[in-house]
Amino acid sequence: MNYPDYRPRRMRRTEGLRRLVRETRLSVDDFVYPMFVVPGTGVEKPITSMPGQFNYSVDKAVEAASRAADLGIPAVLLFGIPEHKDAVGSEAWKDQGVVQKAIRAIKKARPNLVVMVDACFCEYTDHGHCGVLQHGELDNDASLENLARASLSYAKAGCDVVAPSGMLDGFVSAVRESLDEDGFDQCAIMAYSVKYASAYYGPFREAVDSAPQSGDRRGHQMDYANVAEAVREAGMDAAEGADIIMVKPALAYLDVVRAVSDEINLPIAAYAVSGEYAMIEAAAAAGWIDKERIVMETLTGIRRAGSDIIISYHAPYAAALLAKK
Ligand code: PBG
Ligand code: ZN
């Protein structure tokens, strides 16, 4: 394989040749579209720091989910913003909670659309932490009990996948046991196995009003300097029965996606988070980058790093571009 006998440029000469030797193919089949559901009806409130994304009431969420389904997107990931927040986040497991209503309404309108639900308490607690506090600290095992309760209520409402996101120790076993005990052995778990304590979640916390009132999440989310620990976390969740392992954020963590996907024989999801979306949107709005090309390049990079599934606010935009080609 030496020049001049081998000339790599030969296979880059035309789009036809490039298509033949392309190693990574981005498909609408890879996408999950995250959505924020709020109380009320007819609500479609723009999220300022995430242009093009909205807080939807259930009726509007059904419309948005249907548009995603029409574009061929296989799955949505729901976040609920409750009517009232309290110290333990009890609305998270209310049968008539906003996210439970959204699950039922979306599954009714679009039975074939996969409905995933984020299961955590930071959107539901008045202090903004991901579970029950004990002397100002997150009480792991007490929070697990509530997580099991909330997950069960999402399964009862008809979701296909529960996605526990709090990075609590033992959260996959707790959810799996609770689902199995009640006969929901077919409800899958997508574990936020490798979730970093990241400034990239800034716009999301505005969208769901979940910034911690005091302190931060570094006691449970991972230190962004670590990767061996990521493989360890993913291995634990796989052993506890996770069906999909997630790495989050995506763009600054592609080496982590690679390390985890090399080690773990399960589908790997990468979550391109709110800050990643906001950076692209802001630079594109300023005319500093070409949005179409940046979005495709970024999503392809996330796949090339070894993810099977990409969770992205750009999913409908990218799906429309892929359909055009
Ligand atoms: C926690 C949760 C967060 C995100 C998804 N689930 C935020 C956090 O840990 O503060 C971030 C998503 C994003 O930034 O797009 N329920
Ligand atoms: Zn949380």
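It should be noted that the structure appears before, not after, this text.
The structure presented is a predicted model; accordingly, all values stated were derived computationally and were not measured.

Draft legend 1. Structural view of helix 2 (residues 58-70). Counted at 1.5 Å a residue, the expected span for helix 2 with its 13 residues is 18 Å, and the 18 Å between its end C-alpha atoms agrees. Every buried residue of helix 2 is listed here: Val58, Ala61, Val62, Ala64, Ala65, Ser66, Ala68 and Ala69. Next to the buried residues of helix 2 lie strand 1 (31-37), strand 3 (54-56), strand 4 (75-80) and helix 3 (98-109).

Draft legend 2. Quick peek at the pattern of salt bridges. Per the stated rule, a full pass over the model turns up 15 salt bridges. Between Arg22 and Glu15 there is a salt bridge whose closest N-O contact spans 3.5 Å. By relative accessible area, Glu15 is classed as partly exposed at 38%. A salt bridge links Glu292 to Lys324; the nearest nitrogen and oxygen atoms lie 3.7 Å apart. With Glu292 in helix 10 (residues 291-304) and Lys324 in helix 11 (residues 315-324), this pair connects stretches of sequence that are 32 residues apart. Under the relative-accessibility criterion, Lys324 is labelled exposed at 64%. Within the structure, one salt-bridge network assembled from shared partners comprises Glu15, Arg18 and Arg22.

Draft legend 3. Molecular detail of helix 11. Along helix 11, the residues classified as buried are Ala315, Ala318, Ala319 and Leu321. Taken end-on, helix 11 shows its buried residues confined to a sector of 160°, consistent with a single buried face. Exposed residues pointing more than 90 degrees away from the buried face of helix 11 are listed as Ala323 and Lys324. Against the buried residues of helix 11 lie strand 1, helix 10 and strand 12 (309-312).

The rules behind these values
Residues numbered from 1 in each chain as written. Chains lettered and ligands numbered in written order. Predicted model: local features only at pLDDT ≥ 70, side-chain atom pairs only at ≥ 80, totals over all residues. Heavy atoms only, no water. Helix = DSSP H or I, 4+ residues; strand = E, 2+ residues; numbered from the N terminus. Expected span 1.5 Å × (residues − 1). Buried < 20%, exposed > 50% of the residue type's maximum accessible area, 1.4 Å probe, protein only. Contact = heavy atoms within 4.5 Å. Salt bridge = Lys/Arg side-chain N within 4 Å of Asp/Glu carboxyl O. Arc of directions from axis to C-beta.

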